[in-house]
Amino acid sequence: MNRIVSSVSLVALTALVAGPAAAQDIERAVSAFKAGNFAESAPLFFAVIEFSDEESDIADAEYGLARSLEGLELYQSALKEYGDIVRVGSDHPFFAEAVEGMLNVAEKLDDEFQAPKVINAMYDDNLSAISKMSGEVTQRIHFMLGKYAYNRGDTREARDFFKTVKEGHKFYPHAQYLLGLIRLGVGRVDNPKPKYDQALEHFENVRAVIPDQTNDNELRLLRDLASMGLARTEYEIAYQYEEGDERRIAGLNRSIFEYKKIPRFSEAWADGLFERAWAHTVNNEYGKALGALHTLGAPYFSDVFYPEADNLRAIVYYYNCQWDRVNEIVEETKAKNGALIEKLEALLESDYGFDEWYALLQKSLEAGPDTKEEGLIPYLVARHISIDPRYVKMNSFLTQLDREADAFASNSALGGDLGREMTTIVVDTRDELLLVVGKYVRTKLADTNTELSDIKTRASLISLETKTAETEWLEQGRAIGGRARTRLPRPFVPDDTFQFWWFDDEYWIDELGYYEYKLKTECFE
């Protein structure tokens, strides 16, 4: 589609030379593209779009420009050009090719923002053309639209799209995992009754099609997340039964078994350890719960942020009537979280615009955990946000946009009208995305502040319960404190593949995940 030219004299001149010049340009552009010289073909295709009057040449050039930019790995720019074609719809001669090109680029960018929005907008009006595409392509479309619907909270539409992705397709395990979450009610605002059997089936389907020893990092993480999904589902089922019920015990044991299937040092391992600690606690395996939390306290996990872990440790000691330890943990938790809350509230009350939060987050990360500089996001909170999967994707987009702006500025072959127009588009896109990222960062800070406030409140409730229990003891004439705690016998060693030694204040990487406390209840019968 022709761009508008502002100069009247230039329009007149173009009218005189457009025909033969444009015809030569399209031939030269195609020749350069076939030779793999995308830096030459891109501006030539752009010139045809600008100056040709031949609709067929313009259509060829629009698709050629998108392909050339993709070949140069300028994926954001290519996404924009493919999107222009897709918006025209099936009347464009390269509609089907542009849809597939858009899918390719979106998958390389892991784009859940731009391409899904464009394809969703054109989908209903172009169903006839889409139905003629290959099953492989239509399933890719459906998976993209399913994720787009899921992220919007439309889980019914997401479910319908995901169910069309069949076994054997590369996105089948991804679709099955998300179906498992939907069956559990994750992401749904209508608070439905979970369908546990179906959720378990979907998560098992994921593990069935991903080899245990896969070398694909993305698939390996997805397999681990499926194990996490199975563990969470078993935990939820078990938790509904009364304490002492055999079904509760069996379900918790199955949950713990699944948590242990998450490999050590997996990206999902830290979450698995923390959640396994809860399952051990509910299963009255207090020493194992403290052992899992002890691993999370190792230097290896210095960047992880589990503020609720302190409350869980206090709860374990509360169940074992070790009031002094409960009080010590609670006071430390309230002081630590109180300081974080104070800093976060000050930031949230500031007048930062959405376009400023990204820079503040980057500055806070660069300052590191030991900085004394005021006005920054606390490092642990900043780090927690920076590894959030959604933030990682947005940050990757910003990095790609910066790279493309530099490419147009530094490569003389991509200069001229093409470079100026693309640079403007890239900069405008970056500015828009910066607002989205900033809003997301601020929202995460607000959510973290709310979570910390809730944890502080729960710590106060634990403290109140502890004081009540201590009072009851005193009323019954029982002594509080003053007991000497001696080293207890070592925990059970499963077999000869395990070696036992006492923890001596040093963390060794081979020990991580295998700690277990020996804890003796101090409650009176």
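Everything below is about the structure shown above.
What counts and what doesn't
- Residues numbered from 1 in each chain as written.
- Predicted model: local features only at pLDDT ≥ 70, side-chain atom pairs only at ≥ 80, totals over all residues.
- Heavy atoms only, no water.
- Salt bridge = Lys/Arg side-chain N within 4 Å of Asp/Glu carboxyl O.
- Helix = DSSP H or I, 4+ residues; strand = E, 2+ residues; numbered from the N terminus.
- Buried < 20%, exposed > 50% of the residue type's maximum accessible area, 1.4 Å probe, protein only.
- Disulfide = S-S within 2.5 Å.
- Axes fitted to C-alpha atoms, helices over the stretch in contact; angles between N-to-C directions.
- Left-handed = near helix turned anticlockwise from the far one by under 90°.
- Contact = heavy atoms within 4.5 Å.
- Nonpolar A, V, L, I, M, F, W, Y, C, P; charged D, E, K, R; others polar.
- Parallel < 35°, antiparallel > 145°, perpendicular 65-115°, else oblique.

> Would you mind showing me how to read the pattern of salt bridges here?
One side chain can pair with another of opposite charge once the charged atoms of both are near each other. Applying the stated criterion across every chain, the model contains 28 salt bridges. For the salt bridge of Arg-232 with Glu-275, the shortest nitrogen-to-oxygen distance reads 2.6 Å. Placement of Arg-232 in helix α12 (residues 217-239) and of Glu-275 in helix α14 (residues 269-282) is noted, with a sequence separation of 43 residues between them. Residue classification places Glu-275 among the buried positions, given a relative accessible area of 18%. When salt bridges that share partners are traced, they join Lys-80, Glu-81, Asp-84 and Arg-87 into one network.

> Where do I start with the state of the cysteines in this structure?
Each disulfide consists of a covalent bond between the sulfur atoms of two cysteine residues. By the definition in use, this model includes one disulfide. With a sulfur-sulfur separation of 1.8 Å, Cys-321 is cross-linked through a disulfide to Cys-523. As the torsion about the S-S bond is roughly 95 degrees, the Cys-321-Cys-523 disulfide counts as right-handed. Of this pair, Cys-321 sits in the loop between α16 (308-319) and α17 (323-348) while Cys-523 sits in the segment after α21 (416-475), and the two are 202 residues apart along the sequence. By relative accessible area, which is 10% here, Cys-321 ends up buried.

> Help me out: how do you make sense of unusual backbone geometry in this one?
A negative phi angle is the norm for most residues apart from glycine, just as the trans form is the norm for most peptide bonds. The phi angle at Phe-265 is positive, at roughly 75 degrees, despite the residue not being glycine. On the accessibility criterion, Phe-265 (33% relative accessible area) is partly exposed. Backbone geometry places Cys-321, a non-glycine residue, at a positive phi of 60 degrees.

> Sorry, what's going on with the packing of helix α9 (residues 155-162) against helix α10 (residues 172-184) here?
Packed helices, taken two at a time, are described by the angle between their axes plus the distance between the axes. The contact between α9 and α10 brings their axes to 10 Å, and the two run at 145 degrees. For the crossing formed where α9 meets α10, the hand is left-handed. Contact residues: α9 offers Thr-155, Ala-158, Arg-159 and Phe-162, while α10 offers Ala-175, Leu-178, Leu-179, Ile-182 and Arg-183. Looking at side-chain class alone, the contact of α9 with α10 contains six nonpolar, one polar and two charged residues.

> Just to check I follow, could you spell out the environment of Asn-311 for this structure?
The residue Asn-311 is located in helix α16 in this model. When the C-alpha atoms of Asn-311 and Ile-462 are compared, they prove to be 8.2 Å apart, with 151 residues separating the residues in sequence. Apart from residues no more than four positions distant in its own chain, Asn-311 is found in contact with Thr-333, Ile-455, Arg-458, Ala-459 and Ile-462.

> What exactly am I supposed to notice about the packing of helix α18 (residues 357-367) against helix α19 (residues 379-386) here?
Here α18 crosses α19 at 120 degrees, and the two axes come no closer than 9 Å. Classified by the angle their axes make, α18 and α19 are oblique. Here the hand of the crossing between α18 and α19 comes out left-handed. On α19, the residues that touch Leu-361, Ser-364 and Leu-365 of α18 are Tyr-379, Ala-382, Arg-383, Ile-385 and Ser-386. When its residues are assigned to classes, the contact of α18 with α19 shows five nonpolar, two polar and one charged.

Fair warning: the whole summary comes from geometry, so function is off the table for now.
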